[in-house]
Amino acid sequence: MSEPRIRKLDEDVVNKIAAGEVIQRPANAIKEMLENSLDASSSFIQVSVKAGGLKLIQIQDNGCGIQKDDMPLLCERFTTSKLEKFEDLSNMLTYGFRGEALASITHVAHVLVTTRTADSKCAYKAAYRDGKIVAANPGQAAEARPCAGNHGTLISVEDLFYNMPSRKKALKSPSEEYSRIADVMNKYAIHNAGVAVTLKKHGEAMADLKTTPAATVIDNISTVYGPSVARELLFLSCEDAKLGFKMSGYISNANYSVKKLNFILFINHRLVDSANIRKSLESVYTNYLPKNSHPFIYMSIEITPSSVDVNVHPTKHEVFFLHEDLIIEALQKCLEDKLLGCNSSRTYYTQALLPTHITSASSDIVNSNKKSTVSGDKSQYAYQMVRTDCREMKLDAFLRPSSLEPTQRKSVSDDPANQNSPTEMDTSGCTPAENEGLSAKRPREVDKLQGHASVDHVNMKKRRRHKPVHLTSILYLQQRIKDHQHTELIELFRNYKFVGCVDQTRALVQYSTKLYLIDVSRVSKELFYQLLIYDFANFGILKLSTGAPITDLSLMILNNPESGWTEDDGSKETLAKYIEEFLTSKAEMLKDYYSLEINEAGEMLSLPLLLDSYTPNLDNLPRLLLKLATEVSWDAEQECFESFSRELSSFYAVQYDPYLVDSSNNDVSNTQSDQVSLHSLMLSIAVGLV
């Protein structure tokens, strides 16, 4: 057996192979001819199809037409009016450039072209086979013949794939091929607003697609996909001069979703598909749409021609461009920002129930012990009900009263039978019974602290009568808070709905259509800071039941490794005595401005009452004393008030307490108390933040 030799293929074979790559199905042929019509500056394009494009395709436009002298070269391969040298590809702005479309069609179909230019007195008609002009009828010359015709070009393609039976058999049904043709026509009609596009089946008077020159992009989207899509569209645009691109288009909002993605992408006005862009944009919608539902996206991207390679696919279905990842990231951010801004409300369309027969059951309705006989009635359990109206009852109605009237307080405290009443809460926020179960888990230092300081709720005094403050430093700090306030965040805290607690320092709230996880520790810290600035010198008094010796509390924190004490700092007793003397020297100012009272014996007697019925965790009192003595800038007035308020707000803020964790089930033991205290604090935040 002789070895195979390399030989040159016949030109006819080469042309048919190339034609099979460029013209894969009727929709590809129509796309190529449609782009030629748009390149010819047409304002009217009409397409007629028979048998899904296999029997007949006719496309007519009113463009510039073709010169008679160019008609012999019209259907030869690599003949074009749009490209002269290879470098021109870097600045290509037209749809076609290779000169292969019509040539490929003539190798797999019979083509007849009728054209007329604006300065021609008549039209010219020519037939083409295998890229060459042939006689239209036997006995005629193979040349363009004059005939009657309108300005523009009419191309008729008959018997597509007549010489490729295997390709013809592999195609779908005529109706399926027509659907693909309609999809291409729809997308080009949407992108080319201002061009009248018509698509119909051959021999039928009614057009399946018809747009007008005066129609806008939204009008064409409504014509193609229906008004239900058009009324939910949002205009989207962005531009980046550094990356050399700009984008505009229309996207559906969160109210619209379908089972199949409608994605229309044009890059430099060329219909393409980009899997990377499609997946990245659809991933943004996963946070807004139900599972297995998809949006509508129409996007037109214009990139600097020198950054785009259009010659990467036989059908020009794909393009490559520079900085793809950066451009996709910019598109994602633009889409995310747009959807965030329009997600304040949702629209739900309902259908009225048809009237149905209801059995008379007046006697059964009166008697609540009997079942209702209304047809189709099903009992609804409590867990199936969802509260959707903000005017309905919230969790506030189920909370325990945070405080008692003065007369009630006295009777409770005096009655020995009520010594374990939940009204008298200790510093941990738990009832006495709960504290007994937790006492074994607290270190001795904490137990010692409990003996030094606890809050006397009976002696808790309300706020003073408000007096004006004229200190320039305080007025400046108040104005700075106003200048940096966040309007949307304030609106959230005013109108949120409390959902529940996640743990000791985090809570879930709902605002509008979104669910937020609130870091109550950070939010409460900012709240107390603003209260300290705005209520300066007007605080109520949180009286301690016994004086808290500053020296003992300072020694307690200095013995803790977190204080950062080293031997180079001196003895702990000396430092503790210094903290007492230093804070005692500031006692007059602290009492007048912050209701923080220190007696001559170096004992702390009271703390400021920032929120009614709210008590900070006194376990952190030693740390507060150390911070006040070392972290506050006492030399300058404004810095002093600001740093002092910051440290005091950190002390009052909600903090994680590891001693409230039950070792039996590793869960928070006072979940109900957390729900009450956190929600009460969230309500205070809603009215406390400026």
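Scroll up for the structure.
In this report, we go over the structure that sits alongside the text. All values reported here derive from a predicted model rather than from experimental measurement. (Residues numbered from 1 in each chain as written. Predicted model: local features only at pLDDT ≥ 70, side-chain atom pairs only at ≥ 80, totals over all residues. Heavy atoms only, no water.)

### Quick notes on the overall build of the protein
Inference 1: On a plain count of helices and strands, the protein comes out with 22 helices and 23 strands.
Inference 2: Taking all 690 residues of the protein together, the buried fraction comes to 41%.
Inference 3: Across the protein, the fraction of contacts at a sequence separation of at least 24, relative to all contacts at a separation of at least 6, is 69%.
Inference 4: Per element, the accessible surface of the protein, about 38,300 Å² overall, is 51% carbon and sulfur. (Helix = DSSP H or I, 4+ residues; strand = E, 2+ residues; numbered from the N terminus. Buried < 20%, exposed > 50% of the residue type's maximum accessible area, 1.4 Å probe, protein only. Contact = heavy atoms within 4.5 Å. Areas by Shrake-Rupley, 256 points an atom, 1.4 Å probe, with all protein chains shown as cover.)

### A few points about the pattern of salt bridges
Inference 1: A full pass over the atoms with the stated rule returns 14 salt bridges.
Inference 2: When the shortest N-O distance is used, the salt bridge between K31 and E35 registers 3.0 Å. With K31 and E35 both in helix α2 (residues 26–39), this residue pair falls four residues apart, about one helical turn. In this pair, the class of K31 matches that of E35, namely buried.
Inference 3: The partner of E597 in a salt bridge is K543, and the shortest N-O contact between them spans 3.5 Å. Separated by 54 residues along the polypeptide, E597 in the loop between α19 (587–594) and β21 (603–609) and K543 in strand β20 (residues 540–549) bring together distant segments of the chain.
Inference 4: One connected set of salt bridges, linked through shared partners, spans K543, K591 and E597. (Salt bridge = Lys/Arg side-chain N within 4 Å of Asp/Glu carboxyl O.)

### Observations concerning the packing of aromatic side chains
Inference 1: According to the stated counting rule, one finds 15 aromatic pairs in the structure shown.
Inference 2: With a centroid separation of 5.2 Å and 65 degrees between ring planes, the pair formed by Y225 and F296 is classed as edge-to-face. Placement of the pair is Y225 in helix α6 (residues 217–225) and F296 in strand β14 (residues 296–303), with a sequence separation of 71 residues.
Inference 3: The class of Y225 is partly exposed, set by a relative accessible area of 23%.
Inference 4: Its relative accessible area of 0% is what places F296 among the buried residues. (Phe/Tyr/Trp six-rings, centres within 6.5 Å; stacked < 30°, edge-to-face > 60°.)

### Observations concerning α2
Inference 1: The end-to-end C-alpha distance of α2 is 20 Å, a good match for the 20 Å that 14 residues give at a rise of 1.5 Å each.
Inference 2: Of all 14 residues in α2, twelve are buried, a share of seventy percent or more.
Inference 3: Listing the buried residues of α2 in full gives P26, A27, N28, A29, I30, K31, E32, M33, L34, E35, S37 and L38.
Inference 4: Just past α2, the residue S41 takes up positive phi, approximately 60 degrees. (Expected span 1.5 Å × (residues − 1).)

### Some thoughts on the sheet that holds strand β12 (residues 262–267)
Inference 1: Strand order in the open sheet formed by five strands is β10-β11-β14-β12-β13, and the pairing between neighbours is mixed. Every interior strand has two partners, whereas the edge strands, β10 (233–240) and β13 (270–272), have only one. For this sheet the average axis-to-axis angle between neighbouring strands, irrespective of direction, equals 20 degrees.
Inference 2: Where β12 lies against β14, six bridges are found, and the strand directions are parallel. (Pairing = 2+ DSSP bridges. Axes fitted to C-alpha atoms, helices over the stretch in contact; angles between N-to-C directions.)

### Comments concerning the packing of helix α18 (residues 572–585) against helix α20 (residues 621–630)
Inference 1: In contact at an axis separation of 10 Å, α18 and α20 are set at 70 degrees when each is read in the N-to-C sense. One element, α18, and the other, α20, form an angle in the roughly perpendicular class. From α18, I579, F582 and L583 reach across to α20, where they touch L625, L626, L628 and A629. (Parallel < 35°, antiparallel > 145°, perpendicular 65-115°, else oblique.)

### Focus: the side chain of S156
Inference 1: Assignment of secondary structure puts S156 in strand β7 (residues 152–158).
Inference 2: Overall, S156 belongs to the buried group, its relative accessible area being 8%.
Inference 3: Here Q58 takes part through its side chain, which lies 3.4 Å from a polar atom of the side chain of S156.
Inference 4: In contact with S156, not counting residues within four places along its chain, are I57, Q58, H110, V111 and L112. (Polar contact = N/O pair within 3.5 Å; in protein donor to acceptor, adjacent residues only side chain to side chain.)

### Some points on α6
Side chains of residues three or four places apart in an α-helix project in the same direction, reflecting 3.6 residues per turn.
Inference 1: Every buried residue belonging to α6 is among V217, N220 and I221, and all of these are buried. Down the axis, α6 shows its buried residues gathered within 105 degrees of arc, on one side only.
Inference 2: Buried residues along α6 sit in contact with α5 (174–191), α7 (227–230), β10, β11 (245–252) and β14.
Inference 3: At the C-terminal side of α6, G226 shows a positive phi close to 100 degrees. (Arc of directions from axis to C-beta.)

### As for the sheet that holds strand β17 (residues 497–501)
Inference 1: Strand order in the open sheet formed by three strands is β17-β18-β19, and the pairing between neighbours is antiparallel. In the strand order of this sheet, the two ends are held by β17 and β19 (514–519), each with one partner. This sheet shows a mean twist of 30 degrees between the axes of neighbouring strands, independent of strand direction.
Inference 2: Looking at chain direction, β17 and strand β18 (residues 506–511) are connected through four bridges and run antiparallel. Along β18, the bridge assignment pairs F498 with V509.
Inference 3: With respect to the sheet, helix α16 (residues 520–534) is in contact with β18 and β19, its orientation differing from that of β19 by roughly 70 degrees.

### Some remarks on unusual backbone geometry
Inference 1: For N268, which is not glycine, the phi torsion reads 55 degrees and is therefore positive.
Inference 2: Of note, N268 is situated in the loop between β12 and β13.
Inference 3: According to the relative accessible area criterion, N268 is buried, its value standing at 17%.
Inference 4: A positive phi is found at H269, a non-glycine position, where the angle reads about 65 degrees.
Inference 5: Within the secondary structure layout, H269 lies in the loop between β12 and β13.

### Structural notes on a nonpolar patch on the surface
Inference 1: Among the surface-exposed residues, L9, V13 and V14 lie close enough to one another that they form a single nonpolar patch of about 220 Å² accessible area.
Inference 2: The partly exposed category is assigned to V13, whose relative accessible area is 36%. (Patch = residues over 30% accessible without salt bridge, like charges linked within 9 Å, V, L, I, M, F, W, Y side chains within 5 Å.)

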